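# A closer look at the structure
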Amino acid sequence: MGRFGTKVLIAFTLFVGLQLTRALAGSVLRGVFTGAIIDAKSKRPLSGANVYISDIKMGATTNREGFFEITQVPEGKHLIEISHIGYSTIVVYVVVDGTTQQDFALTESIVENNAVIVTGVTGATQLKRAPFQVSILRKQEIMQSSSSNIIEALAKKPGVSTVSTGPAISKPVIRGLSYNRVLTINDGVRQEGQQWGDEHGIEIDESSVNKIEILKGPASIIYGSDALAGVINIITNVPIENNTLKANVLTTYQTNNQARTVHANFAGNTNGINWNLYGSGVDAADYQNKFDGKVFNSKFNQRNFGGYAGYNGNWGYSHLLFGSFNMKAGLVEGDRDDLGYFIKPTKGGGETRATSEDFKSVDPRVPFQHIKHFKIATDNSFKFGQKRLAVNVGYQRNQREEFGNIEDLNERALYFDLSTITYTAQLHFKEMNGWATSAGVNGMYQENQNKGVEQLVPDYNVFDAGAYIYSSKAMEHLTFSGGARFDNRDLSASDLLAGTDVKGTAFKKSFSNVSASLGMAVAPSQAINIKFNLARSFRAPSIPELASNGAHEGTTRYEYGDQNLKSEISTQADLGLDFNSEHLSFGISAYRSDFNNFIFYRKLQNNAGGDSLVNVDGDDLEAFKFDQRKAVLAGLEATVDIHPHPLDWLHVQNTFSLVSGRFKEALAGSKNIPFIPAPRLITEIRSDLKNMGKAITNFYLKFEMDNTFAQGNIFAAYNTETKTPGYTLLNAGVGGDVVSKKGNTIFSVNFIANNLGNVSYQNHLSRLKYAAENLATGRRGVYNMGRNFTLKVNVPLVFKLKDRTKS
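Heads up: these notes are all about the structure in this document. Only a predicted model underlies this, so the values are computations on that prediction, with no experimental measurement involved. (Residues numbered from 1 in each chain as written. Predicted model: local features only at pLDDT ≥ 70, side-chain atom pairs only at ≥ 80, totals over all residues. Heavy atoms only, no water.)

### Here's the deal with the overall build of the protein
Tallying secondary structure elements over the protein gives five helices and 51 strands in all. Relative to a compact globule of 807 residues, whose C-alpha radius of gyration would be 28 Å, the protein shows 26 Å and is just as compact. Principal-axis analysis of the C-alpha atoms places the extent of the protein at approximately 80 × 55 × 50 Å. Across the 807 residues in the protein, those meeting the buried criterion constitute 57%. Sequence separation of 24 or more characterises 66% of the internal contacts of the protein that already satisfy a separation of 6 or more. Approximately 32400 Å² of the protein is accessible, and the part contributed by carbon and sulfur atoms is 56%. When the 83 basic and 77 acidic side-chain charges of the protein are each reduced to a single mean position, those positions are 5 Å apart. (Helix = DSSP H or I, 4+ residues; strand = E, 2+ residues; numbered from the N terminus. Rg over C-alpha atoms; globule rule 2.2 N^0.38 Å. Buried < 20%, exposed > 50% of the residue type's maximum accessible area, 1.4 Å probe, protein only. Contact = heavy atoms within 4.5 Å. Areas by Shrake-Rupley, 256 points an atom, 1.4 Å probe, with all protein chains shown as cover. Lys, Arg positive; Asp, Glu negative; His and termini not counted. Charge placed at Lys NZ, Arg CZ, Asp CG, Glu CD.)

So this is what it looks like as structure tokens:
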């Protein structure tokens, strides 16, 4: 961890303790929020409705009579979210003073047009009042879809796509930008795990996720560098209601690659002491498609566990979070013999065809990577007077090992050992004249050590610190918000070594900049909502962009960095319009980002005009170098949802995404930014029936047509990328909850079918598209997954405990 990192951790631990003592010593009064929730049309009580207060992480679920109660609520003003499957969400401010009762009536609706978000803002905020675009993926949607990892589950949202290297490894792309331009947050802690690499995924257990918020656009004000394109906020640990125990067992099976998942969790809350523990196991064999058959070494396995424990009281909450992610994933190289059969290396420098047993195994063959990610953090919120202090301090260790030597299976070709301390402190001031203002500091200290045979990047350490102020004013039909931030990042890199030879000299760099944003949300009527946001953000170059000089098993490239790279600076304007009526919902957002010093990588040419090649252990790898230019990215996202009344159970939803990236000056005759997602149109016809008799509730049936258009706007210079044809995938899904006579869920079932037509296709952002050529067919690369059926069965158990405070 290093002496400095240790000092930072100790200092912030003492800081948390000091503020906790102060909070507990304060006179924070305890309140109770209670009420009943009914169906607005039938006037019948609604059981299973959720009532949640995001800022204090407290909630409750209504019983059979529609009644709820949340105890130990700090007195004062709170934003309350009331939601239920198949109903419009209600978001309202409530002043809790002693025992406060308020009843609610929910209206049937399939379309989610309001919610509470916590991403990109300093406190829980009504989605309609945020000036930027945020998409929400709830647990229900995750259960009703099929994906090989949690990032793939996001790709159906407009403006979101993925860079993938096989089924186990995906990286989020927001509006055409990825890698260190998209920041991932998990339960308040920024995820740090070598996210700069193609073959480096996000180390978060998919089955444990409760909710994901996707902020599209610059978020540097709150999060600093690396949030230039947006934020993926993954929320895993959500306290259940007081005096309750819950257990849950989930099993999943996918037919294409025989992927099976077993997940279990156990959560409880007794008089404010709350916890959640989970564990997951995933085993997947090689996937298959019509062109390639079974794709050798696309297998992977995971063993994950985690959770939290803490206390929620009238003064706030304090939680200790922990998690362990452990995955072994094969690295697909795509090598085949002259007849098109996949081959594998053998000892002595030979090779042979992969066997049926190789395809069925869930244990990766050489080359493969082993990723271990451990995290522990403390997440706290203290209320004193009419102010609130939020403090989050975390430690992560990411160990990424790549194995590629068939002669010595224990030899680590690469071994990155990354330790990171993150810290955040945010003070929410008393609201004055409608202005809600917060100030905060956050950053990280990071150390990376190379422990493998080879080095792609040098040993390095980073200290990152930023301070900001953010304020918003909410009026009846208008909300203004804005803020400013200053960041500084110091980076120190050691010599980059090849054995004992120095192939890159040590250096030190410092990057600093100012970020700012100003936006508004206008609601001239209940049906119309307009958003506008203008933001300036920046991103410091990552260590591989500055200092890489090498190759690794996960790519087919040899990469060169450039120590002279400057910070990326982006100015973005974002305009959005939403319209909601009884029969139609419509939303459109358009944006433009102007970049100074946009960083990208391009192929190098040799003196003869061909590809520059670097020979590594007998393999010729194409050479790439990081470069930067002025650039513009622009695009739009549109959603149209038709839900004709009185057919409230039926809706037809269309989502469309388009992004274009251009350099302001041509580079070798090409102006297109490389690796921009293709345009995409998704049409879903869905039926939601609340009841199918007395035994089945929340029944749904859906059909989906996923159209990805051809991508011909490529960066053709130096043959950096190739065009990709369009394709159409047909998907379907059906499911529901099986309930007892008392209305309690016995189990839930979801059956999902993807790529029903078994279409052979390559996603434009799949890195396997550039794998070795199949000499038997002349096709280059490896294709995406073919037809796949998924079955999910979830068994929940709920136990109510006696409230000792009332005895």
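### Digging into the sheet that holds strand β15 (residues 189–190)
With mixed pairing, five strands are arranged side by side in an open sheet as β11-β16-β17-β14-β15. Edge strands, defined here as strands with exactly one partner in the open sheet, are β11 (133–138) and β15. In this sheet, strand β16 (residues 211–216) lies alongside β11 in antiparallel orientation, the contact comprising six bridges. When the bridges of β16 are listed, arginine 138 appears paired with lysine 211. (Pairing = 2+ DSSP bridges.)

### As for unusual backbone geometry
Excluding glycine, residues mostly carry a negative phi; peptide bonds, for their part, are mostly trans. Proline 367 follows valine 366 through a cis peptide bond whose omega is 0 degrees. Note that proline 367 resides in the loop between α4 (356–360) and β27 (368–384).

### Observations regarding the pairing of strand β26 (residues 350–353)
Where strand β25 (residues 343–346) and β26 come together, four bridges link them in antiparallel fashion. Residue proline 345 lies in a different strand from β26, and its bridge partner there is glutamate 351. If you look at the hairpin formed by β25 and β26, you'll find three residues sitting between the two strands, and glycine 348 has a positive phi there, around 90 degrees.

### Let's talk about the side chain of threonine 720
Turning to its location among the elements, threonine 720 is positioned in the loop between β46 (696–708) and β47 (727–739). At 2.9 Å, the side chain of threonine 720 and the backbone oxygen of alanine 717 are in polar contact. (Polar contact = N/O pair within 3.5 Å; in protein donor to acceptor, adjacent residues only side chain to side chain.)

### Considering the packing of aromatic side chains
Evaluation of the coordinates by the stated rule reveals 20 aromatic pairs. Geometrically, the ring pair formed by phenylalanine 598 and phenylalanine 663 is edge-to-face, given 6.5 Å between the ring centres and 65 degrees between the ring planes. Linking phenylalanine 598 in strand β40 (residues 584–603) with phenylalanine 663 in strand β43 (residues 650–667), this pair joins segments that are 65 residues apart in sequence. Take phenylalanine 598 and phenylalanine 663: they sit in the same class, and that class is buried. (Phe/Tyr/Trp six-rings, centres within 6.5 Å; stacked < 30°, edge-to-face > 60°.)

### Let's talk about the sheet that holds strand β3 (residues 58–61)
Spatially, the four strands line up as an open sheet ordered β3-β2-β5-β6, and their pairing is antiparallel. In this open sheet, the two edge strands, each paired with only one partner strand, are β3 and β6 (90–96). In this sheet, adjacent strand axes meet at a mean angle of 25 degrees when their direction is disregarded. Judged from the four bridges that link them, strand β2 (residues 50–53) and β3 form a sheet pairing that is antiparallel. (Axes fitted to C-alpha atoms, helices over the stretch in contact; angles between N-to-C directions.)

### What to know about the nonpolar core
Ranked by internal contacts, the top residues of the largest apolar core, which has 33 residues, are Leu154, Ile212, Ile232, Phe598 and Leu633. Every element with two or more residues in this core is listed here: β16, β17 (230–235), β40, β42 (619–642) and β43. The leading source of residues in this core is β40, at four residues. Apart from residues no more than four positions distant in its own chain, isoleucine 232 is found in contact with Leu154, Pro172, Ile174, Val182, Leu183, Thr184, Ile185, Ile212, Glu213 and Ile214. (Core = buried A, V, L, I, M, F, W, Y, C linked by side-chain atoms within 4.5 Å.)

### Details of the pairing of strand β1 (residues 30–39)
Of all ten residues that make up β1, seven are buried, and the element is covered over most of its length. Taken together, the six bridges between β1 and strand β4 (residues 67–74) define a ladder with antiparallel strand orientation. By the bridge assignment for β4, alanine 36 is matched with phenylalanine 67. Relative to strand β7 (residues 99–101), β1 runs parallel, the two sharing three bridges. Bridged to valine 32 within β7 is threonine 99. When β1 meets strand β8 (residues 104–106), the two strands line up parallel, connected through three bridges. From the neighbouring strand, isoleucine 37 faces β8, where its bridge partner is phenylalanine 104.

### A word on the pattern of salt bridges
Applying the stated rule across the entire model yields 34 salt bridges. Linking arginine 138 and glutamate 81 is a salt bridge whose minimum nitrogen-to-oxygen distance equals 3.2 Å. With arginine 138 in strand β11 and glutamate 81 in strand β5 (residues 76–83), the pair connects residues that are 57 residues apart, well separated along the chain. Under the relative-accessibility criterion, arginine 138 is labelled partly exposed at 22%. (Salt bridge = Lys/Arg side-chain N within 4 Å of Asp/Glu carboxyl O.)

### Re the environment of arginine 662
Assignment of secondary structure puts arginine 662 in strand β43. A residue is classified by how much of its surface remains accessible, and arginine 662, at 38% relative accessible area, is partly exposed. Separated by 360 residues in the primary sequence, arginine 662 and glutamine 302 place their C-alpha atoms 39 Å from one another. Not counting residues within four places of it along the chain, the set of residues in contact with arginine 662 comprises Ala631, Val632, Lys671, Asn672 and Ile673.

### Details of the environment of aspartate 737
With respect to the helices, strands and loops of the structure, aspartate 737 is situated in strand β47. The exposure class of aspartate 737 is buried, given its relative accessible area of 14%. The sequence separation of aspartate 737 and lysine 690 amounts to 47 residues, and the corresponding C-alpha distance is 9.8 Å. Beyond its immediate sequence surroundings of up to four residues, aspartate 737 is in contact with Ala695, Ile696, Thr697, Asn698, Thr745, Phe747 and Ser748. Here the side chain of aspartate 737 touches asparagine 698 through a polar contact of 2.8 Å, side chain to side chain.

### Considering the environment of asparagine 564
Positionally, asparagine 564 belongs in the loop between β38 (557–560) and β39 (568–580). Residue class for asparagine 564 comes out exposed when judged on its relative accessible area of 62%. In sequence terms asparagine 564 and asparagine 410 are 154 residues apart; their C-alpha atoms lie 37 Å from each other.

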